[in-house]
Amino acid sequence: MANSSVAQGAQAPLEKEMARQQRLDEILSSYQGNEEELIPILQQVQQVFGYLPEPAMKKIAKFLKLPESTIFGVGTFYAQFKLVPSGRNIIRVCRGTACHVRGATGILGEVEKQLGIKPGESTSDLEYALEAIACFGSCALAPVMVIGNNVYGRMTPAKVKEVLANVGAER
Amino acid sequence: MSFADIQKQAIAEWQALHDSRKPRILVGTATCGRAAGAEAVLAAIDKELREQNIDAIVIQVGCIGLCYAEPLVDIIKPGRPRICYGNVTPEIVAQLIEDYLVKDNPRPDLALGTIGDGGVDGIPNLFGLPVLKSQLRIVLRRCGFIDPTNINHYIANGGYSGLVKALAMKPEEIIEEVKKSGLRGRGGAGFPTGQKWEFCRKSPGEEKYIICNADEGDPGAFMNRSLLEGDPHSVLEGMLIGAYAIGAKEGYIYCRAEYPLALERLRIALKQLKEYQLIGDNILGSNFSFHLKIKEGAGAFVCGEETALMASIEGKRGMPRSRPPFPAVSGLWGKPTNINNVETWANVAAIMQRGASWYASYGTQGSKGTKTFSLVGKVERTGLIEVPFGITMRQIIYEIGGSILKGKRFKGVQTGGPSGGCLPPDFLDTPVDYDSLTSAGSIMGSGGMIVMDEDTCMVDMARFFISFTQLESCGKCIPCRWGTKQMLDILEDIVNGRGKPEDIELLQELAESIKDGSLCGLGQTAPNPVLTSIRYFRDEYKAHVEEKRCPALVCNALISYYIDPEKCQGCIICLRSCPAGAIKGGKRVIHVIDQDKCTKCGTCLDICPPRFNAVVKTSGERPAVPEEPVPISSAGKTRGGQQ
Ligand SMILES: Cc1cc2nc3c(=O)[nH]c(=O)nc-3n(C[C@H](O)[C@H](O)[C@H](O)COP(=O)(O)O)c2cc1C
Ligand code: FES
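Residues numbered from 1 in each chain as written. Chains lettered and ligands numbered in written order. Predicted model: local features only at pLDDT ≥ 70, side-chain atom pairs only at ≥ 80, totals over all residues. Heavy atoms only, no water.

(A) Spotlight on the overall build of chain A. Scanning chain A from N- to C-terminus turns up 7 helices and 4 strands. Listing each helix as α and each strand as β along chain A from the N terminus yields α-α-α-α-β-α-α-β-β-β-α. The dimensions of chain A, computed from C-alpha atoms along their principal axes, are 50 × 35 × 25 Å. For chain A, the share of sequence-separated contacts (at least 6 apart) that also reach a separation of at least 24 residues comes to 60%. Total accessible area on chain A is roughly 8,000 Å²; 52% of this is exposed by carbon and sulfur atoms. Across chain A, 18 positive and 17 negative side-chain charges occur, with their mean positions spaced 6 Å apart. (Helix = DSSP H or I, 4+ residues; strand = E, 2+ residues; numbered from the N terminus. Contact = heavy atoms within 4.5 Å. Areas by Shrake-Rupley, 256 points an atom, 1.4 Å probe, with all protein chains shown as cover. Lys, Arg positive; Asp, Glu negative; His and termini not counted. Charge placed at Lys NZ, Arg CZ, Asp CG, Glu CD.)

Below is the structure:
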């Protein structure tokens with residue numbers, strides 16, 4: 001999910017913040033306000049902000065007339081949602097069964113080494129984030145990694161370097 | 001427009017495509033094709049056609065299952081059989097266009113096989129090859145043959161005729177037909193589909209729902225993804241038939257977010273259905289109305305469990321609840337709900353199109369029809385397969401799969417994912433059906449089939465599965481939440497050489513309590529991989545616990561590397577590349593690994609030239625080797641490994 005409008009944390013200039021607030025209002029106005037819509041709303045908000053900022057979750061709670069704790073509960077339950085800003089480019093490595101038996105540990109290790117971070121972490125400049133995922137469904141081409149919408153199959157540690165160099169993330 | 005008119009128009013379009021004087025190029029661009037580079041191939045085709053000024057029809061199709069040979073490109077010249085080419089690269093496709101389209105050389109050296117009537121010299125018939133010969137395609141029959149984004153292709157190939165037939169029947173008659181087909185749920189448990197529908201149909205209530213479970217959480221399984229990407233309408237047709245039979249006016253497809261292409265294909269398909277008014281109010285002039293929504297998952301394995309899935313659709317945390325009441329009585333928003341797997345729905349469409357007796361003529365007594373599997377792991381020909389029930393594991397692994405990678409020894413095959421088990425070679429001749437797999441200690445599951453070889457450690461696999469279920473446990477019930485954690489801790493101890501003799505029995509005891517005490521299928525089945533691996537591979541557990549040895553040389557804490565002084569040529573290749581600086585020695589001096597510094601990364605093993613082959617990975621006792629480097633001449637031995 002490489003999108004260009006990821007949060008820059010607290011330093012975001014005022015106009016930018018206003019624009020994002022406006023975007024949030026726009027998102028909410030396209031929904032009716034039923035509980036059923038909570039997950040799609042959170043997904044769309046995360047698309048825009050790159051994570052679920054606390055003020056946004058509070059606003060969603062008001063909009064859906066749900067306790068804030070419910071929003072937080074759902075936001076923390078699903079692996080997809082992030083409560084803190086994460087790296088702009090998400091490098092996702094599969095550690096599913098098929099990938100595991102075909103050497104996913106070595107692939108993940110190489111990415112960790114190249115980026116200097118562990119799964120669930122982001123680089124300090126918030127350029128890259130690393131995630132370990134259960135399966136992308138490309139198991140026949142195991143081991144697999146995904147950056148943005150690109151799926152890379154039949155990976156080797158050597159190919160990891162190549163792929164990361166292409167996105168400018170090589171050490 | 002009446003359905004007859006829609007059908008006529010679709011057939012005309014399909015026929016025109018086949019009668020066209022232009023060559024056709026089909027490119028498999030499902031997710032696995034893309035992962036192997038299909039998009040670059042597609043771009044190369046466009047470029048080459050433009051440069052050569054060739055007027056050809058390029059169609060993006062789904063996956064025919066030969067994932068090991070992706071990217072796949074098929075070329076059909078007018079009046080010739082279709083030729084399928086594998087492992088195509090942008091360079092190869094440019095050659096194919098030049099050689100076959102321009103010069104009429106079909107390049108048998110690059111072809112996998114032909115499809116359809118007539119042959120081409122030097123190219124075998126694709127469906128006569130071992131990889132496809134014993135397969136039987138019902139659910140996947142259109143995947144790779146039609147454009148999944150074109151509803152007309154589906155309709156021209158028998159699509160939605162099952163719905164039309166169903167709408168002319170009474171709902172009860174349809175349920176009878178599905179019962180007669182013997183269809184059992186493909187989502188894992190194998191519950192008879194017709195019976196499930198009947199419960200829901202008879203359940204009191206005006207408002208009813210149907211759901212398609214497209215969460216496909218089993219890591220290593222991708223059958224549902226491929227089907228949704230390659231033939232989404234077959235699933236939608238099954239749902240329409242089911243909704244009519246059950247009396248549901250609304251439905252949901254719950255698809256995991258990790259499948260963006262499947263979601264996109266579903267959205268396109270749904271839009272087309274609306275355009276043809278095959279969904280909505282008063283479908284095809286009947287008084288049957290049905291509306292369908294697509295819901296995207298948010299990354300939780302437990303949401304594949306039906307009650308958790310429904311909670312997730314309702315916007316809640318995906319936590320299961322105890323059953324009864326079953327969804328057929330109280331499901332989504334407390335209303336009667338029927339949930340089936342993607343493949344189950346697609347089978348329904350086929351059954352209604354071609355009849356229950358036809359369907360029931362395939363398979364075994366208790367398991368009718370076919371099953372799709374994702375055949376992956378340490379096997380030569382990985383891919384998506386569809387086989388009739390009753391086929392043996394041996395046929396699947398050795399005939400369809402070819403052989404074990406790199407000529408290694410077969411150790412076992414995992415079915416049912418984290419809820420299933422790993423069956424050893426003794427079961428190679430067991431027929432694959434619901435009951436045989438269950439009595440062997442595993443389950444059919446949704447269709448993930450992961451082949452393991454001698455280099456796979458069964459204790460490590462058990463740890464892998466438990467760490468998965470432990471991570472994915474929703475935390476609602478204690479046996480699952482803490483029980484899996486306890487099992488994981490013990491397994492971590494064992495793979496790290498801290499195992500105690502009583503641990504194996506403790507694991508079994510814990511497993512039984514977790515199975516009995518857990519709220520939902522996740523916890524109830526989580527111990528299965530551990531139990532089957534203890535049952536069939538107890539020796540490996542014992543080696544880890546008693547000898548602190550990992551026979552498959554996988555568990556890092558139990559392995560070490562050394563350099564064979566007989567074989568080392570003192571070439572300093574490994575010495576220079578060791579990231580830990582743990583190798584001592586010099587030119588023409590036998591190298592030695594400093595065990596205290598070694599991080600067991602395996603770089604030296606990978607890099608030692610095959611002609612020397614001097615680095616050895618071992619577990620347990622290490623043979624005595626010099627502790628300090630010695631010059632090769634003073635070793636006073638005839639040199640082995642010198643060629
Ligand atoms: C932890 C867990 C995960 C499951 N995951 C899936 C899944 O990904 N897909 C699926 O169809 N069924 C899954 N099931 C089974 C469903 O609960 C349900 O039985 C199934 O969707 C019914 O469809 P069927 O009758 O067509 O098989 C899962 C069950 C459990 C306990
Ligand atoms: S197991 Fe890695 S993509 Fe499925």
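(B) Examining the sheet that holds strand E9 (residues 337-341) of chain B more closely. Residues and elements named next belong to chain B. A sheet is described by the order of its strands in space; here 4 strands give the open sequence E8-E7-E6-E9, paired in parallel fashion. Either end of the sheet is taken by a strand with one partner, and the two such strands are strand E8 (291-296) and E9. Looking at each pair of strands side by side, their axes are set apart by 20° on average, direction ignored. With 6 bridges connecting them, strand E6 (residues 209-214) and strand E7 (residues 250-255) associate as parallel partners. Considered in E7, the bridge of Tyr209 is made with Glu250. On top of the sheet, helix H14 (residues 342-354) reaches E6 and E9; it is set at about 95° to E9, its chief contact. (Pairing = 2+ DSSP bridges. Axes fitted to C-alpha atoms, helices over the stretch in contact; angles between N-to-C directions.)

(C) Geometry of the site of ligand 1. Residues and elements named next belong to chain B. In the neighbourhood of ligand 1, 18 residues make up the surrounding shell, with Gly187, Lys196, Asn340, Asn341 and Thr344 lying closest. For ligand 1, an oxygen atom lies 3.0 Å from a polar atom in the side chain of Asn213. At 3.0 Å, a backbone N or O of Glu306 approaches an oxygen atom of ligand 1. Out of a free accessible area of 610 Å², ligand 1 has 88% covered by protein chains. When residues of the shell around ligand 1 are traced back to their parent elements, those giving at least two are E9 and helix H21 (521-525). In terms of residue count, the dominant contributor to the shell around ligand 1 is E9 (3 residues). For the shell around ligand 1, the class distribution of residues is 3 nonpolar, 9 polar and 6 charged. (Near = heavy atom within 4 Å. Polar contact = N/O pair within 3.5 Å; in protein donor to acceptor, adjacent residues only side chain to side chain. Nonpolar A, V, L, I, M, F, W, Y, C, P; charged D, E, K, R; others polar.)

(D) Just a nonpolar patch on the surface, in detail. Taken together, Phe72, Leu83 and Val84 of chain A make up a surface patch of nonpolar side chains, about 270 Å² in accessible area. Along the chain, the position of Val84 of chain A falls in the loop between helix H4 (68-77) and strand E1 (89-94). (Patch = residues over 30% accessible without salt bridge, like charges linked within 9 Å, V, L, I, M, F, W, Y side chains within 5 Å. Salt bridge = Lys/Arg side-chain N within 4 Å of Asp/Glu carboxyl O.)

(E) Local environment of the pattern of salt bridges. In the structure shown here, the tally under the stated rule is 44 salt bridges over all chains. Here Lys113 of chain A and Glu110 of chain A are joined by a salt bridge, their closest N and O atoms 3.8 Å apart. Here Lys113 of chain A pairs with Glu110 of chain A, and both are found in helix H6 (residues 104-115), just 3 residues apart, close to one helical turn. Taking the relative accessible area as the measure of exposure, Glu110 of chain A reaches 10% and is therefore buried. Look at the salt bridges and you will find they share partners, linking Glu176, Lys179, Glu198 and Lys202 of chain B into a network. (Buried < 20%, exposed > 50% of the residue type's maximum accessible area, 1.4 Å probe, protein only.)

(F) The arrangement of the packing of helix H9 (residues 193-202) of chain B against helix H11 (residues 232-246) of chain B in detail. Residues and elements named next belong to chain B. Where H9 contacts H11, the two axes come as close as 9 Å, and the packing angle between them is 45°. Between H9 and H11, the angle falls in the class oblique. Here H9 contributes Trp197, Cys200 and Arg201 to the contact with H11, which in turn contributes Gly242, Tyr244, Ala245 and Ile246. Its residues assigned to classes, the contact of H9 with H11 shows 5 nonpolar, 1 polar and 1 charged. (Parallel < 35°, antiparallel > 145°, perpendicular 65-115°, else oblique.)

(G) Up close: the side chain of Ser419 of chain B. All names here are of chain B. Examined against the element boundaries, Ser419 turns out to sit in the loop between strand E12 (410-415) and strand E13 (421-423). According to the relative accessible area criterion, Ser419 is buried, its value standing at 17%. Contact partners of Ser419, with chain neighbours within four places excluded, come to Ile443, Thr525 and Asn528.

(H) Structural detail: the interface of chain B and chain A. Taken together, the 57 residues of chain B in the interface contact 33 residues of chain A. Of the roughly 3,200 Å² buried at the junction of chain B and chain A (both faces included), carbon and sulfur atoms supply 59%. Along the contact surface separating chain B from chain A lie 2 salt bridges. A salt bridge links Lys293 of chain B to Glu36 of chain A; the nearest nitrogen and oxygen atoms lie 3.7 Å apart. At the boundary of chain B and chain A, one finds 18 residue pairs in polar contact (both at pLDDT 80 or more). (Buried area = accessible area lost by both parts, 1.4 Å probe.)

(I) Inspection of the environment of Ile246 of chain B at higher detail. Residue and element names in this part refer to chain B. Relative to the elements of secondary structure, Ile246 occurs in helix H11. The class of Ile246 is buried, set by a relative accessible area of 0%. In this structure, the C-alpha to C-alpha distance between Ile246 and Arg265, residues 19 residues apart in sequence, is 26 Å. Apart from the residues lying within four places of it in its own chain, the contact partners of Ile246 are Trp197, Cys200, Arg201, Lys208, Ile210 and Asn338.

(J) Expanded view of the pairing of strand E15 (residues 559-563) of chain B. Residue and element names in this part refer to chain B. Counting buried residues in E15 gives 5 out of 5 residues, a clear majority hidden from the surface. With burial as the criterion, each face of E15 is covered, one bearing Ile559, Tyr561 and Ile563 and the other bearing Ser560 and Tyr562. Strand direction decides the pairing type here: E15 and strand E18 (residues 615-619), joined by 5 bridges, are antiparallel. Paired with Ile563 across the two strands is Val615, which belongs to E18.

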